Structures are given as structure tokens and as C-alpha cells.
Amino acid sequence: MINIANMAKKLEGHTFLLSANDLKTGKVLFYTSNGWLPELNKAIKIEKKSIEKYEKLLKIDEENCLIVSGRFVELNDSGSIKNLRDKIRSSGLTFKI
Amino acid sequence: MYKYSEIDKKIVANRVKQFKNQVDRRLSGKLTEDEFKPLRLMNGLYLQLHAYMLRVAIPYGELSSKQLRQLAFIADKYDRGYGHFTTRQNIQFNWPKLPDVPEILEELSKVEMHAIQTSGNCIRNISADHLAGLTIEEIEDPRPWCEIIRKWSTFHPEFSFLPRKFKIAVTGCSEDRAAILVHDIGLRLIKDKGDIGFEVFVGGGQGRSPYIAKKIKNFLPKKDLLNYLEAILTTYNQLGRRDNIYKARIKILLNELGIEKFKEFVEENFKRFSNKKLILDKSTIKNIFKFFKLPSLKPGLEKVPEIKNSLFLEWKNQNVLPHKHPNYSIILVSLKSNEKPPGDASSIQMRKLADIADKYSFGEIRVTHEQNLVLPHVENSRVYEIWNELLNINLATPNIGLITDTICCPGMDYCALATARSIPISQKITDHFKNYSHQKEIGDLKIKISGCINACGHHHVGNIGILGLDRKGKEFYQITLGGSAKENASIGQIVGPSFSEKDLMGAIEKIIKVYKKNKIYEKEDFLSVFKRIGIKKFKEKLYDNN
Ligand code: SF4
């Protein structure tokens, strides 16, 4: 289980997505109104003020063995993912295999 | 090739059973991720950006055709149909699912393979010269010594929780193809007044503080090898720092203590351990050496026939080396084509290569730390035949040692620690320099690329090193010049401010121009020019805005 205590305090930015890896497959998932799904476009946008609510949710789903390695993904002002690692994480490899 | 003893088989089978139980407990919630993580890491299982990654040990880089076929089977059944050969002669699968991993380990155990000690703060896979046992100038085959060290270090009770990971490499030649000077311990077999023993180097490493190893013993008799390793590891285990992960490697300890003090501690422990029953007797050594005899090679052609085919000749000149048996050749199989990330091989290629190894090379394959493969014993008369077969599976790229034979870590496409991508950079280089005569004109040149300061892509010891950085959310690349992992090992010097991804190829072009302009004879290689003229001229060209 990740240590999510004070996660909100460490976050910069205003809007986030909640993401994690599926415990069984390792697949990247996003928190949506229908639970954890791989579709980025269905991810719920989370304001900083509601982070704590989602931290709790993350903890519960980790304890329920659904997901692992939960994280908040910061969005920029235009609503897209800010950092490169999270971009690659959400869109997959940048070359063909 | 080494064959598992009953004890080896039991150890591996028990570990598979144990890990299955741990995975079951994790999936049912009896183990939290915090509890499970160290257990999975001890079995080579990481969680990366998009998926789990399983690292499988290939002891001293030696594989049988049967093992390679099994790796292909695993790639198809449990992964995405390919595997990635690493800079420590291992293989990684990038997409396994957690519930499948115990089954994968079971499949591996059927061919005497495992993932034990491929991660964690323990003694990792022992690596060796990929031409071990094959060259005339070798003092002695290092593989039996790697096997002796592997046996001693597997589940060593005192060294399973070291301050940090620990890497050992062994070579039997004065020409260093195993990068021993950038390992925690590097061993070189040498001859002294007719006796064979080891030169011992300690404290090499890369990462954020790169160091070239220092020699702490001029000549160690063979019988004392394990006692002496035990003495070094004990010194490290007792005195190595555990308070700061960045200062925990043995290289930091050695440099903080100073070499003389460090040696004193080691020698003291060495004396204390003389009763530890680790002295190697002749029959133990002989028994291990039996596994590494040359196959029965037969007489044949003294030379590889000169077939009039320019593509074949290019490949032969670049990828074929003389074997110590005059009628045989060593074939280097490049995993650096322009179609795949460096070090990747598809399951189809693995399977076909296993067939080729059976047909032409006694079923033996080696993995190099430069992420290529070797077919060690091929009759001279059959080299053309084998080239045709390799060509059919896109494994006949004629670029061993050339600018497109890059070493490259997985970088940000896979790795959760990365600060930038590395594979696309390597692909750009391969594409940019795809013309073989241009590559040939540039000559021997090692480009090594890492996606972060952990330096898994060995950038510090690249003739041209490229380190990916994150500058305010954008990828930038720092260039170092003059590094080498060979017997003349050196850490590359940083040229100056880093380059954007867009400007990087232009910068490499400029470096090549300076090199070519300053060569004083046709075959003078990049490293020699760099050593002669220094970094200044390169800097001037790189940062000259005119
Ligand atoms: S060098 Fe960095 S990015 Fe590359 S594999 Fe190692 S940790 Fe990952």
C-alpha cells in the first residue's frame, strides 16, 4: 500500500486525474464514474479541494486488492496531462514493438 | 555448459513454490504491497510504468538452444511475443501478469533458469566476457569461476540484505569485454610466474557517482577466491552506509575510507576467514571446469570462404571473429536493427536462432553486455550458410562495434524512474547513420544511452554518452565524451549544457565532424582522437553559434 498521508499537501497544480496500476495485470487505469478503467478520456477530473476524498478511495481500493501504485496525475490549464512520464504512462510506448 | 545439480534443482523448485504462495497471499489481500514488494523484487519482478516486468537471470550470459526456445515460449504465452536482452546479460519480459508469474518461473525451472537475485540488495547475476573460452589470448576461461561464485552467492545468508545491490564481473583476458572496471568487484585471470590467479578490482560503478574500480590485490591464488570475496563482502556489509541510498554502494565506502584502509579491513577479514572452509580444492575446481569444455570441433577450412556478395562481406568483416580453433569462427548476432529497440528479440527470432544454434553452433548461444548475441562455434565452411539464415530473420545487421550498435536502457517508455526516453533516441541514431559505408568510415564508436542518472545504459562509459534529463517537463540530453568500459576504462567528460531532443542529432553530427577532421591516420578511432585532442575542440564546435 502506498503511503498517501499528506499526499494533497505535496501536490502542485489545481486539477488532477486519479490513476493506478491494476494489481493483477499492471495495466494503467484511471478512476472514472464507473470505477477503474483504462480509458483516459473517461477519467474524473479532481479539484485539489476534493483530493482527500479520493485519497481515501484509493486506500480502500488498494486494500481491496484492485489496484496498486496509486497516484494523482496533474493537469495543465488546458486540461491535458502536464508531465511527460504521465503522458507516456497514459498513452503507451512511443515506438512500435 | 553447466548442468544443474540435484541441489540446484531443489533450490529453484522450492523458490517457485514459495513465490506462488506469496503471490496467492498478495492477490487475496493477506500481504499488502509494502510487504509484497521486497518479496517480488527478490524474484526479479518489478512494477514499471505500464505493466510488471520480470527479469530472468542468464548466468554469465550463456544460454542453450533449449533455454532460448523456452524463453520464446514464455514470450508468446505470457508476454507480447518478445524479450529484451539487458546490459548485464539477462533478459527482461515487459508485460507479464502477476498471477502468471509463478507459472512462468515454473516454466523457467524446467530448463534450469530462474529470476533469483536479479533484483534487490544482494549479489546479482555474475557476468563474464561473452567470448569466454573462445579466444587464443585468453589466460583461462572465466565461466567456471563465475559458476563457482554463483553457487557461493546464491542465497548466501549474510549477503541477502547488503546495503545496496552488488555486481561482479570476471574476465580471462587482458582485453576487457566484460566491463570489469565498472563493477563492484572485477576479477581478471592473470598468469604470474606460471601460476594462474586473479587480479582483484573493487569499487567501480556508474549511477550518479561514477567510479573506475581500483586494484586491491595484484595476485590472488585461485584457491582463495571465495575467502577473499567473503572478506570484501563482509567489509562492505559491516561498514557500507545504510542511511543514504545514494551513498550505499561499495564505491562510496572505498572512496570514503581510502584504498589503503579499505584493503586493511579486507585483509583482516581474509585472515579471520581462513577457517571458514571456503578454500577451493583442486578437485572442486576440476569438477566445475568439466562443464565448460569445448565441444568436439573437427578439422575443416582454415578460412571463411570469400563469397562474392558485398552484403555478406560487409557482415563477415564486421560480425565474424576468429575462434581459437583455426577451422571455426565466432559469430556476433546484432540485436540493433533499425526495426527494433536495442536488445529486443521477437519470439520468432529466438526460436529460429535456437534452431540455427543447434544446426551450426552446438546448441550454444551467448548474450553480450552490449545487448547482442553470439554463436560461439561455427565451422568456417558454414559461415555463408548461417548468414543467409540470419538474414531471413533480420538478424544479420553488419554493425557490431559501429555507431549504430548503441547500448540503451529502456528509458521512459518503460521505466518508472526515467527522466527521459532513450529508445527513440537510439532509433534516431540508427536511422540517421543507416548507411553502412558511412558507419564504417566513422569506425569503432560506442554510443551509450541512459534514461536517467542511474546509468543502466552505461552512458558514463560511452565514447559518446547520452543521458536523458527532464528540464521543466521537456526532454533534454546531456552529452559526455571519452568514456570507455574497456581495459583503459574512463568516465566520460560532460561537454556542456544539454541539448533538446530536436538538436541532439545535429550535436552528434558535429562531434563526428570534429573527430573525422582530427584523425591523423585512417584507422584512428574516436577514443584515441578524443584522448589526443581533448574536449575543447568538441565544445567549440558544439556551442559555436555561427
Ligand atoms: S537508467 Fe534510469 S531510466 Fe534507464 S532503466 Fe535505469 S533506472 Fe530506468
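Residues numbered from 1 in each chain as written. Chains lettered and ligands numbered in written order. Predicted model: local features only at pLDDT ≥ 70, side-chain atom pairs only at ≥ 80, totals over all residues. Heavy atoms only, no water.

## A short note on the overall build of chain B
Moving on, step 1. The number of helices and strands found in chain B is 17 helices and 21 strands.
Moving on, step 2. Relative to the globule expectation of 24 Å for 546 residues, the C-alpha radius of gyration of chain B, 23 Å, shows essentially globular dimensions.
Moving on, step 3. Once the C-alpha set of chain B is aligned to its principal axes, its extents read approximately 65 × 60 × 55 Å.
Moving on, step 4. The buried share of chain B, reckoned over its 546 residues, is 61%.
Moving on, step 5. Once local pairs closer than 6 in sequence are excluded, the contacts in chain B between residues at least 24 apart make up 67%.
Moving on, step 6. For chain B, the exposed area adds up to about 21,900 Å²; of that, 52% sits on carbon and sulfur atoms.
Moving on, step 7. Chain B carries 86 positive and 64 negative side-chain charges, and their two centres are separated by 2 Å. (Helix = DSSP H or I, 4+ residues; strand = E, 2+ residues; numbered from the N terminus. Rg over C-alpha atoms; globule rule 2.2 N^0.38 Å. Buried < 20%, exposed > 50% of the residue type's maximum accessible area, 1.4 Å probe, protein only. Contact = heavy atoms within 4.5 Å. Areas by Shrake-Rupley, 256 points an atom, 1.4 Å probe, with all protein chains shown as cover. Lys, Arg positive; Asp, Glu negative; His and termini not counted. Charge placed at Lys NZ, Arg CZ, Asp CG, Glu CD.)

## Quick word on helix H10 (residues 310-319) of chain B
Residues and elements named next belong to chain B.
Moving on, step 1. Every buried residue belonging to H10 is among Phe312, Trp315, Lys316, Gln318 and Asn319, and all of these are buried.
Moving on, step 2. Taken together, the buried residues of H10 touch strand S11 (320-322), strand S12 (328-333), helix H12 (383-392) and helix H14 (436-442).
Moving on, step 3. N-cap assignment for H10: the residue whose side-chain oxygen lies 3.0 Å from the backbone N of Leu311 is Asn309. (Polar contact = N/O pair within 3.5 Å; in protein donor to acceptor, adjacent residues only side chain to side chain.)

## A closer look at the side chain of Gln70(B)
Moving on, step 1. With respect to the element layout, Gln70(B) can be found in helix H3 (residues 65-78).
Moving on, step 2. In this view, Gln70(B) contacts Glu107(B), Lys110(B) and Val111(B); residues no more than four positions away in its chain are not counted.

## Some thoughts on the pattern of salt bridges
Residues and elements named next belong to chain B.
Moving on, step 1. Taken as a whole and assessed by the stated rule, the structure comprises 47 salt bridges over all chains.
Moving on, step 2. The salt bridge involving Arg366 is made with Glu62; its shortest N-O contact spans 3.4 Å. Residue Arg366 is found in strand S14 (residues 364-367), and its partner Glu62 is found in strand S3 (residues 62-64); the two are separated by 304 residues along the sequence. Both residues of the pair, Arg366 and Glu62, count as buried.
Moving on, step 3. Across the salt bridge formed by Glu364 and Arg366, the nearest N and O atoms sit 2.9 Å from each other.
Moving on, step 4. For Glu364, a relative accessible area of 10% puts it in the buried group.
Moving on, step 5. Residues participating in the shared-partner salt-bridge network are Glu62, Asp141, Arg143, Glu364 and Arg366. (Salt bridge = Lys/Arg side-chain N within 4 Å of Asp/Glu carboxyl O.)

## Focus: helix H13 (residues 423-432) of chain B
An α-helix turns once per 3.6 residues; consequently, residues spaced three or four apart project the same way.
Moving on, step 1. Turning to H13(B), its buried residues are Ile423(B), Pro424(B), Ile425(B), Ser426(B), Ile429(B) and Thr430(B).
Moving on, step 2. On its buried face, H13(B) is in contact with strand S16 (407-408), strand S17 (447-450), strand S18 (464-471), strand S19 (474-481) and helix H15 (501-518) of chain B.

## Some thoughts on the sheet that holds S12(B)
Residue and element names in this part refer to chain B.
Moving on, step 1. Judged by pairing direction, the sheet is antiparallel, and its five strands sit side by side in the order S3-S14-S15-S12-S11 without closing on themselves. Two strands in the sheet have a free side with no partner beyond their single neighbour: S3 and S11. Across the sheet, the axes of successive neighbouring strands diverge by a mean angle of 30°, strand direction being ignored.
Moving on, step 2. Pairing between S3 and S14: three bridges, direction antiparallel. Paired with Glu62 across the two strands is Arg366, which belongs to S14.
Moving on, step 3. Against the sheet, helix H11 (residues 347-360) contacts S12, S14 and strand S15 (373-379), and its axis sits at roughly 30° relative to S15.
Moving on, step 4. Against the sheet, H12 contacts S11, S12 and S15, and its axis sits at roughly 15° relative to S12. (Pairing = 2+ DSSP bridges. Axes fitted to C-alpha atoms, helices over the stretch in contact; angles between N-to-C directions.)

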